[in-house]
Amino acid sequence: MTESRTNFDQVVKQITQNYISDEVFVTKENRRLPGRSNIIILIKRLRSLMFPGYFEEKNFEYLDARYFAGNTLNSILRELRQQVEIALLYANESGTREQIAQEADETAQYFIGRLAHIQAMLLKDVQAGFDGDPAAKSRQEIISSYPGVFAIFVYRMAHELYVRKVPFIPRIMSEYAHSRTGIDINPGASIGEYFFIDHGTGVVIGETTQIGDNVKLYQGVTLGALSTRKGQLLADVKRHPTIEDHVTIYSGATILGGETVIGAHSIIGGNTFITESVPAYTKVSLKAPEMVFQADPPKDGTEEGIWDWVI
């Protein structure tokens, strides 16, 4: 019992020392990080505002639309202002509380002013999903069911805060969508209108990616950097590709590099690996691998020998 207690005390001492030795563990005086649970609640309120009647129990057609929008916006404004102020206070030690409170209010007001535009963009994204998927029965099904639309919705919200240089919150938002959908869209990416991700699982879109209008991605697509070995030295450098208008990229394709441009109206085939620019109106595909079929029926009624292939 004494030895066990000694081991316990030693672990406590070692962990406490880790707290002290690395500033990542130390909460700054009178400051804290934005609450992840608060950000998730904010996302849900925003989704309710963008698509009323889809994600709550109330039947929207019996509500006063003006009252609903005003009441929901008010709660979003209040919560966002608070979380932005918390984030700015933590990241900015030189500003006064009054300056940071003013910046938080201006950011929240800016964000609210962008919501009607964002909603219009989202409706185009939904239409792109419906037009591009013959399995979809309605736009309502796209909104309520498709993971790609949810990931794009969260991205468009997070991006507005990213361009205002709000710390922490945009990435918390995007990683929540990532955990829900398997789709990883960095909030710094620039994405045009009428954008659709079909199926979606495994899609990665890097921070400096630029995507034009009418672009469609399938599952497993990576729009990434050629190398991140230089780490923080590459911050603020364009590391990810540019995808021009009316491009379709099929499943498993990998496109890397900040100087890589996929020209407009191109089609990128599945499982391709691209590190150089592709001209407009180009189809890129892998040459079909040769398939070998070996007839080797078992001679004695067993399966022995079937897997002893020689190719």
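Let me sum up the structure you'll find in this document.

Parameters and conventions
Residues numbered from 1 in each chain as written. Predicted model: local features only at pLDDT ≥ 70, side-chain atom pairs only at ≥ 80, totals over all residues. Heavy atoms only, no water. Salt bridge = Lys/Arg side-chain N within 4 Å of Asp/Glu carboxyl O. Helix = DSSP H or I, 4+ residues; strand = E, 2+ residues; numbered from the N terminus. Buried < 20%, exposed > 50% of the residue type's maximum accessible area, 1.4 Å probe, protein only. Expected span 1.5 Å × (residues − 1). Bend = angle between axes of the 7 residues up to and from the residue. Pairing = 2+ DSSP bridges. Contact = heavy atoms within 4.5 Å. Polar contact = N/O pair within 3.5 Å; in protein donor to acceptor, adjacent residues only side chain to side chain.

### Comments concerning the pattern of salt bridges
Then, number 1: Counted under the stated rule, the structure contains six salt bridges.
Then, number 2: Taking the shortest distance from any N to any O, the salt bridge between Glu160 and Arg114 comes out at 3.1 Å. Taken together, the positions of Glu160 in helix H6 (residues 147-163) and Arg114 in helix H4 (residues 97-132) put the pair 46 residues apart, joining distant regions of the chain.
Then, number 3: For Glu160, a relative accessible area of 7% corresponds to the buried category.
Then, number 4: Residue classification places Arg114 among the partly exposed positions, given a relative accessible area of 28%.
Then, number 5: With a shortest N-O distance of 2.9 Å, Lys124 and Glu193 are connected by a salt bridge. One end of the pair, Lys124, is in helix H4; the other, Glu193, is in the loop between strand E2 (190-191) and strand E3 (196-197), and 69 residues separate them in sequence.
Then, number 6: Overall, the relative accessible area of 36% leaves Lys124 in the partly exposed class.
Then, number 7: Exposure remark for Glu193: the relative accessible area of 28% places this residue in the partly exposed category.

### Section: H4
Then, number 1: In this model H4 runs 49 Å from its N-terminal to its C-terminal C-alpha over 36 residues, within 8% of the 52 Å that 1.5 Å per residue would give.
Then, number 2: Remark: the principal bend of H4, roughly 40°, maps to Leu115.

### Some details on the sheet that holds strand E5 (residues 210-211)
Then, number 1: Pairing is parallel across the open sheet formed by four strands, whose spatial order is E2-E5-E8-E11. Edge positions in the open sheet fall to E2 and strand E11 (261-262), since each of these has one partner strand only.

### Observations concerning the environment of Gln83
Then, number 1: Positionally, Gln83 belongs in helix H3 (residues 65-91).
Then, number 2: Exposure remark for Gln83: the relative accessible area of 2% places this residue in the buried category.
Then, number 3: Residues Gln83 and Leu33 lie 50 residues apart in sequence; the distance between their C-alpha atoms is 8.6 Å.

### Considering the side chain of Thr254
Then, number 1: Looking at where Thr254 falls in the secondary structure, it is placed in strand E10 (residues 254-256).
Then, number 2: Under the relative-accessibility criterion, Thr254 is labelled buried at 18%.
Then, number 3: Not counting residues within four places of it along the chain, the set of residues in contact with Thr254 comprises Thr222, Thr272, Phe273 and Ile274.

### Regarding H3
Then, number 1: When the terminal C-alpha atoms of H3 are compared, their 38 Å separation across 27 residues agrees well with the 39 Å that a helix rising 1.5 Å per residue should span.
Then, number 2: Residue Asp64 occupies the N-cap position of H3, its side-chain oxygen lying 3.0 Å from the main-chain nitrogen of Arg66.

### Focus: unusual backbone geometry
Then, number 1: Phi is positive for Lys165, which is not a glycine, with a value near 60°.
Then, number 2: For Lys165, the location among the structural elements is in the loop between H6 and helix H7 (169-181).
Then, number 3: One non-glycine residue, His199, lies in the positive phi region at around 65°.
Then, number 4: Turning to its location among the elements, His199 is positioned in the loop between E3 and strand E4 (204-205).
Then, number 5: Accessibility expressed as a relative area gives 52% for His199, which makes it exposed.

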